[in-house]
Protein chains: 2
Amino acid sequence: MKINTWFGSLEVGSGGEILAFDLFPKGIRELALRSLSLRSSRENLPPEGFDLKAAALECGFVASLSEYYSLLHEVTLEAAKLQVSEAITPDQRIVQAVEALDDINETTNSLSERLFEWYGGYFPESGLVGEALALFIVKYGSRENVPPDDPLYLKARDSMGAKLETADEALLKGFAESVCSLYSRRKQLEAYIESSMEALAPNLTTIAGPMLGARLISIAGSLEKLAAFPSSTIQVIGANKALFKHLRARAPSPKHGVIYSHPFINTSPWWVRGKVARALAAKISLAARIDFYSATKDLSLMGELEEKVRKIRAANPKPPQKRQEGRGKPKKKRRK
Amino acid sequence: MKINTWFGSLEVGSGGEILAFDLFPKGIRELALRSLSLRSSRENLPPEGFDLKAAALECGFVASLSEYYSLLHEVTLEAAKLQVSEAITPDQRIVQAVEALDDINETTNSLSERLFEWYGGYFPESGLVGEALALFIVKYGSRENVPPDDPLYLKARDSMGAKLETADEALLKGFAESVCSLYSRRKQLEAYIESSMEALAPNLTTIAGPMLGARLISIAGSLEKLAAFPSSTIQVIGANKALFKHLRARAPSPKHGVIYSHPFINTSPWWVRGKVARALAAKISLAARIDFYSATKDLSLMGELEEKVRKIRAANPKPPQKRQEGRGKPKKKRRK
C-alpha cells in the first residue's frame, strides 16, 4: 500500500511494516509546498492510527522525536504563510482598485478646485476647468506664453488677470502637474477595473457595466457576498441614509442606490425608475450568481432585461396623476 | 501754468487759454497707464472748474464730444482692468500657497494611507509608511525585485505577502508615483512659503517661523488684518471650537490656537503653556504690525521674547497644586 506523508512517500505492507520509502529533501519551503499539495489532493493519506513519527524515525528522515517536532512546526508555519499569501483573490484586488479610485476621485476634485481658484486670479477668462485647465497650465504656465495660434490667445492677451510672477508660475505648474498625474492615474485604474471585471464577472459586467459592477462588489465585500444578497438589497445598496430614514421614520423607501448610475435607470422617466430598478437589481443578482457559481457567460440575460425594461416603459407612458389634495378625510396623526 | 490731463499735458495761460499742448498717442492701454500714474502722482491736476472736454476739442485730440466720451469710457475701463490685475498682493499669494498646502497635505495623507493598506497585502513586513513607502514602490514594485544589497532584502524574500501580479504592480507603481509627486509638491510649496515670508514679513517670520506666520496670515486673510488683531485674538486663532464652547458654556477658555505648533509652547511644561502663549501672541502681534507699517527688521524682538519665556519658566518650575476637593462650601449652582 502506498502512503503519502509530509516527509516522503512510503510503501507499506499489510502489517504496517515499511517496505520501501522515498524521502523528500529537507528544505522547509519545499516540504511546505508538498504538504499543501497533499492537503488539497488528499491522495493516499495515511490510514487511521498510522504512526507517522515512528515511520519518520524508521526511515531515517529525522534522528530524534524532538527534531521531528521542530521540523514539523517550521513546515506548518511556512505552509500557513504560503496560504496567507494566496488569500488576495481577484475580487479583492478589484475592491482595492475601486477604493483607490474613490480616493483618487475625491482628491482630484479637491485639488482641481484649488487650482481653478488659484489660477483664476491670473487668467479668469480661460473658461477651463478640471483636467483641461491642469493641462493648459502645465503647457503654458503664465497666460503670456499662449501663442497666437491657440484659440485662447485673444482672451489671454486681453485678460484682466494679474501678472504671474516666475516663482508663482513654477509653483502653479508643479501643482498642475500633480493634478494631471492624478487624472492619468484615474484613467489607469478605470482601465484596470474594466479589464479585470470582464475576466472575473463577465455576466455582471454585461448587465451592470464594469464600473457599477465593481462598485457593487466593493460595497458587498466580495463577489461571493454579492451573489448571496437578495435582489432587494442590491436595489438599495448605497442608499443607506435614505433606507435608514425610511426604516426609522415615515420617509418613502429608496428606489435605487448606486445602481442609479445605470443608463437604464437614469435615462428613464422618473415614474418608472422604481420599476426599472427592481428589474435591473433582479438581473444583477442573477448575473452575480452565475458568475460566482458557474463562470460561464449567459448571453440571454441582457436581452431579457432589455425586453423587460421596454415593457415597463411601454406600460407607463405617462406620469401617474397626483392624488388630489383635500379629498376625503384628513390623515390621522400617528400617536407618539 | 502746466496742467496734466489724461490725454496730454497742456500749458495754460492765466485766463484759461491754451498756450501750448503735448498730446499723448491715442492707444487705449498707454492712455490708461498714464491716467493711473497721474492718479497716483497727483501732479499738476487741472484746477477746479477747468473744462477738460473743451480743451480736448480745442487741441484737436478728439473731433467731437461723443468721441471724447467713448474714448474716456474705454480708457477708464482699461485702467480698472489694470488695477484689478494688480490686486494680487504678496500676502494674497502666500494665503493661496498656504491653502494649496493644506489641500495637498490632506490628499497626500489619504492617498498614503490607501497605498499602505493596498501594498500591505503584498509586503506587510516592509515597515515603511508615507513617502518612504511610495519611493520604495516606485523603485521596486514587487518585493521580488528587491536586490540582495537592500536592507529590506531578507524581509522581502521571506514575506508572507501575496504575489504581486504584473497588472497590479503597474497600478501600484503608478499610484505610488502620484503620491511621490504630491510629496515633492508639498516640499516645493513649503520652500515657496518660507522664502516669500522672509521677504514679506521678516519680523513675523523670525518670531513665529515661516509656516506658522503664513498660517496666521492665511487665517486672518491678509497681513493688514493680522496686524489689526489684538494679541488675545492671535493667541486663540484656530481654536474656534474651544473658544465658542467657552463662550457658550462653562468650558475653560482655550490657551492657544494654531500658535501651539510653536516650539516655545509645545516644548514647555503644560502648566506654563498659557503664559508662554500669551507672551508669544503679544510679540507676534507686535511683529506683524512692524512688518505691515514699517517693514524694517527689528532684531531685538526675538531676544525679548526669549528672555520673557525664560522668566516664565523659571518662575513656574513646578506644576500648580490641585485644589483640594471638598474644601469649604460647595459651589453654587448657576440658575438657568
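So, how was this worked out
Residues numbered from 1 in each chain as written. Chains lettered and ligands numbered in written order. Predicted model: local features only at pLDDT ≥ 70, side-chain atom pairs only at ≥ 80, totals over all residues. Heavy atoms only, no water. UniProt positions renumbered as here; feature names shortened; annotations may be inferred. Helix = DSSP H or I, 4+ residues; strand = E, 2+ residues; numbered from the N terminus. Buried < 20%, exposed > 50% of the residue type's maximum accessible area, 1.4 Å probe, protein only. Contact = heavy atoms within 4.5 Å. Buried area = accessible area lost by both parts, 1.4 Å probe. Salt bridge = Lys/Arg side-chain N within 4 Å of Asp/Glu carboxyl O. Polar contact = N/O pair within 3.5 Å; in protein donor to acceptor, adjacent residues only side chain to side chain. Nonpolar A, V, L, I, M, F, W, Y, C, P; charged D, E, K, R; others polar. Axes fitted to C-alpha atoms, helices over the stretch in contact; angles between N-to-C directions. Parallel < 35°, antiparallel > 145°, perpendicular 65-115°, else oblique. Left-handed = near helix turned anticlockwise from the far one by under 90°. Least-squares fit on C-alpha atoms with pLDDT ≥ 70 in both. Pairing = 2+ DSSP bridges. Domains from an automatic or database assignment. pLDDT = per-residue confidence, 0-100. Patch = residues over 30% accessible without salt bridge, like charges linked within 9 Å, V, L, I, M, F, W, Y side chains within 5 Å. Areas by Shrake-Rupley, 256 points an atom, 1.4 Å probe, with all protein chains shown as cover.

Draft legend 1. Representation of the UniProt feature "domain: Nop" (unreviewed entry) in chain A within the structure. UniProt feature "domain: Nop" (unreviewed entry): in the numbering of this structure it lies at residues 200-314 of chain A. Taken end to end, residues 200-314 of chain A is 70% helix and 0% strand, and its two terminal C-alpha atoms sit 35 Å from one another.

Draft legend 2. Seen up close, helix H9 (residues 210-220) of chain B. Residue and element names in this part refer to chain B. By the burial criterion, the buried members of H9 are Leu 212, Gly 213, Ala 214, Leu 216, Ile 217, Ser 218 and Ala 220. Against helix H4 (90-120), helix H7 (166-200), helix H8 (202-208), helix H10 (223-228), helix H11 (231-236) and helix H14 (273-293) lie the buried residues of H9. Directly after H9, the chain includes Gly 221, whose backbone phi takes a positive value near 110°.

Draft legend 3. Representation of the interface of chain A and chain B within the structure. Listed per partner, the contact involves 39 residues of chain A and 39 residues of chain B. Three residues, A:Arg114, A:Met160 and A:Leu171, lead the burial of chain A against chain B; their summed loss comes to 16% of the area buried on that side. The interface formed by chain A and chain B holds six salt bridges in total. Between A:Glu99 and B:Arg114 there is a salt bridge whose closest N-O contact spans 2.9 Å. For the pair chain A and chain B, the interface holds 16 residue pairs in polar contact (both at pLDDT 80 or more). Examining the composition of the side of chain A that touches chain B, we find that 14 residues originate from one element, helix H7 (residues 166-200) of chain A, more than from any other. For the side of chain A that touches chain B, a count of residues per class yields 17 nonpolar, ten polar and twelve charged.

Draft legend 4. Representation of the packing of helix H5 (residues 130-140) of chain B against H7(B). All names here are of chain B. At their nearest, the axes of H5 and H7 sit 8 Å apart, and the two run at 135° to each other. By the angle class used here, H5 and H7 are oblique. Judged by the sense of rotation from one axis to the other, the crossing of H5 with H7 is left-handed. In this structure, H5 contributes Gly 130, Glu 131, Ala 134, Leu 135, Ile 137, Val 138 and Tyr 140 to the contact, and H7 contributes Glu 169, Leu 172, Lys 173, Ala 176, Glu 177, Val 179, Cys 180, Tyr 183 and Lys 187. Classifying every residue of the contact of H5 with H7 gives ten nonpolar, one polar and five charged.

Draft legend 5. Up close: the relation of the copies chain A and chain B. When chain A is fitted onto chain B, the two copies agree to an RMSD of 0.2 Å after a turn of 180° and an axial shift of 0.0 Å. In symmetry terms, the pair is related by a two-fold rotation axis. For chain A, the minimum C-alpha distance to the rotation axis belongs to A:Thr107 and amounts to 2.8 Å. Mapped onto chain B, 100% of the interface residues of chain A are again interface residues, and the two copies thus contact each other with one and the same surface.

Draft legend 6. Quick look at the environment of A:Tyr183. Residues and elements named next belong to chain A. Structurally, the position occupied by Tyr 183 is in helix H7. Since its relative accessible area comes to 8%, Tyr 183 is described here as buried. In this view, Tyr 183 contacts Thr 108, Ser 112, Gly 130 and Glu 131; residues no more than four positions away in its chain are not counted.

Draft legend 7. Seen up close, the sheet that holds strand S3 (residues 18-23) of chain A. Residues and elements named next belong to chain A. The three strands are arranged S1-S2-S3 in an open sheet whose pairing can be described as antiparallel. Each having just a single partner strand, strand S1 (2-4) and S3 make up the two edges of the open sheet. Averaged over all neighbouring strand pairs, the angle between strand axes comes to 20°, with direction disregarded. Bridging between S1 and strand S2 (residues 8-12) involves three bridges; their strand directions are antiparallel.

Draft legend 8. Quick peek at the pairing of strand S2 (residues 8-12) of chain B. Residue and element names in this part refer to chain B. Of all five residues in S2, four are buried; the element is thus mostly enclosed. Counting the residues that bridge the hairpin from strand S1 (residues 2-4) to S2 gives three residues. Bridge count for S2 against strand S3 (residues 18-23) is five bridges, and the pairing is antiparallel. If you follow Val 12 over to S3, its bridge partner there is Ile 18. Two successive antiparallel strands, S2 and S3, enclose a turn made up of five residues, where Gly 16 displays a positive phi of approximately 95°.

Draft legend 9. Region of interest: the sheet that holds S1(B). Residue and element names in this part refer to chain B. An order of S1-S2-S3 is seen for the three strands of this open sheet, with the pairing classed as antiparallel. Edge positions in the sheet fall to S1 and S3, since each has one partner strand and no second. With strand direction ignored, the average angle separating the axes of adjacent strands in the sheet is 20°. Across the sheet, helix H2 (residues 52-59) touches S2 and S3, and the angle it forms with S3 is around 80°.

Draft legend 10. Broad picture of the domain arrangement of chain A. When cut into domains, chain A gives domain 1 (2-87), domain 2 (90-195) and domain 3 (201-315). On a C-alpha basis, the centroid separation for the pair domain 1 of chain A and domain 3 of chain A is 50 Å.

Draft legend 11. Structural detail: the confidence of the model for chain A. When the pLDDT values of chain A are averaged, the result is 87; 96% of them are 70 or greater. Our summary of model confidence lists the complex with pTM equal to 0.74 and ipTM equal to 0.73.

Draft legend 12. Looking closely at a nonpolar patch on the surface. Residue and element names in this part refer to chain A. Where nonpolar side chains cluster on the molecular surface, the patch consists of Leu 57, Leu 65 and Tyr 69 and spans about 260 Å² of accessible area. Its place among the elements puts Leu 57 in helix H2 (residues 52-59). On the accessibility criterion, Leu 57 (33% relative accessible area) is partly exposed.

Draft legend 13. Fine view of the pattern of salt bridges. Counted under the stated rule, the structure contains 26 salt bridges over all chains. A:Glu78 is the partner of A:Arg29 in a salt bridge, and the nearest nitrogen-oxygen pair spans 3.2 Å. In this pair, A:Arg29 is assigned in helix H1 (residues 28-41) and A:Glu78 in helix H3 (residues 65-85), connecting sequence segments 49 residues apart. Taken together, the shared-partner salt bridges connect A:Glu99, A:Asp103, B:Arg114 and B:Glu117 into one network.

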